[in-house]
Amino acid sequence: MEASNDRFRPDTPITRYETLDALARLYIIAPTATKLPFGDVSEAQADTVALFYGAGLIQGYPDNTFGGTKGLTRAELATMLNQMDIPVSRSGKAQSFADLENHWAKDTIEKLSAMNLVKGYEDGTFRPDDLITRAEFATLLNRIVQNSNATSSKKLTDVGADYWARQEILKAVMD
């Protein structure tokens, strides 16, 4: 993940573009000749969006937009990751979340929970319709790749020493 001007913006929702950029660095996705149906994709992002769209990993909105600068919900990200078939050797019992009973992504979230990739909050909720923050996404990426590497030497002015995800962010940030 990238930080600009020594700022990471950990509590800011990660955008759909940023999510695809980070995932494109981690996974090899076979390119397909795909014409994007979205009228709002920037030229700079068109190849990455087409890669994920062509692989059937993302979809847009009913009005034929992609919304690349918008955030995505925790449930939307879980669905995308589930479709990516992430090779994880860890498995266990799915955590039970109080707010998933009738949610459309319940099975997907529970599957990723059993793989120890996604976690909920201390109050026993998952908050599937909340936008995922950059800090949460960095933490998730480290779980996926089982990143235990040394942390970045980059100085981030908006990630204090006592910030809950400081170490995870420093592992995920590219120098």
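Residues numbered from 1 in each chain as written. Predicted model: local features only at pLDDT ≥ 70, side-chain atom pairs only at ≥ 80, totals over all residues. Heavy atoms only, no water.

Trainee: How do you make sense of the overall build of the protein chain when you look at a structure like this?
Mentor: Scanning the protein chain from terminus to terminus reveals six helices and zero strands. For the protein chain, the sequential pattern of α-helices and β-strands runs α-α-α-α-α-α. Projecting the C-alpha coordinates of the protein chain onto the three principal axes gives extents of approximately 45 × 40 × 30 Å. Split into buried and exposed, the 175 residues of the protein chain put 43% on the buried side. The long-range share in the protein chain, meaning contacts at least 24 apart out of those at least 6 apart in sequence, stands at 72%. (Helix = DSSP H or I, 4+ residues; strand = E, 2+ residues; numbered from the N terminus. Buried < 20%, exposed > 50% of the residue type's maximum accessible area, 1.4 Å probe, protein only. Contact = heavy atoms within 4.5 Å.)

Trainee: Which parts of the structure should I look at to understand unusual backbone geometry?
Mentor: Even without glycine at this site, Arg-9 takes up a positive phi of about 60 degrees. Structurally, Arg-9 is set in the segment before helix H1 (16-26). Unusually for a residue other than glycine, Asn-116 sits at a positive phi of about 60 degrees. The topology assignment puts Asn-116 in the loop between helix H4 (106-114) and helix H5 (134-145).

Trainee: Explain the packing of aromatic side chains to me, please; I cannot follow it from the model alone.
Mentor: The geometry of an aromatic ring pair is captured by two quantities: the separation of the ring centres and the angle between the planes. Under the counting rule described, the total for this entry stands at five aromatic pairs. Look at Phe-38 and Tyr-53: their rings are 5.2 Å apart centre to centre, the planes differ by 75 degrees, and that puts the pair in the edge-to-face class. Linking Phe-38 in the loop between H1 and helix H2 (46-54) with Tyr-53 in helix H2, this pair joins segments that are 15 residues apart in sequence. Relative to Phe-66, the ring of Phe-38 lies with its centre 5.5 Å away and its plane at 40 degrees, an arrangement referred to as tilted. (Phe/Tyr/Trp six-rings, centres within 6.5 Å; stacked < 30°, edge-to-face > 60°.)

Trainee: How do you make sense of the nonpolar core when you look at a structure like this?
Mentor: Where a protein is soluble and globular, its nonpolar side chains tend to be buried together. Counting residues in each nonpolar core, the largest one holds 39 residues, and the members touching the most others are Leu-23, Val-49, Phe-52, Phe-66, Leu-81, Met-84 and Ile-109. If you list the elements that add at least two residues to this core, you get H1, H2, helix H3 (74-83), H4 and H5. Here the element with the most residues in this core is H3; it accounts for five residues. Leave out the neighbours within four places in its chain, and Leu-81 touches Leu-23, Ile-86, Leu-112, Leu-140 and Ile-144. In this structure, Leu-156, Val-159, Tyr-163 and Leu-170 belong to the second largest nonpolar core, which totals eleven residues. (Core = buried A, V, L, I, M, F, W, Y, C linked by side-chain atoms within 4.5 Å.)

Note that every value here comes from positions in space, so none of it alone points to a role or purpose.
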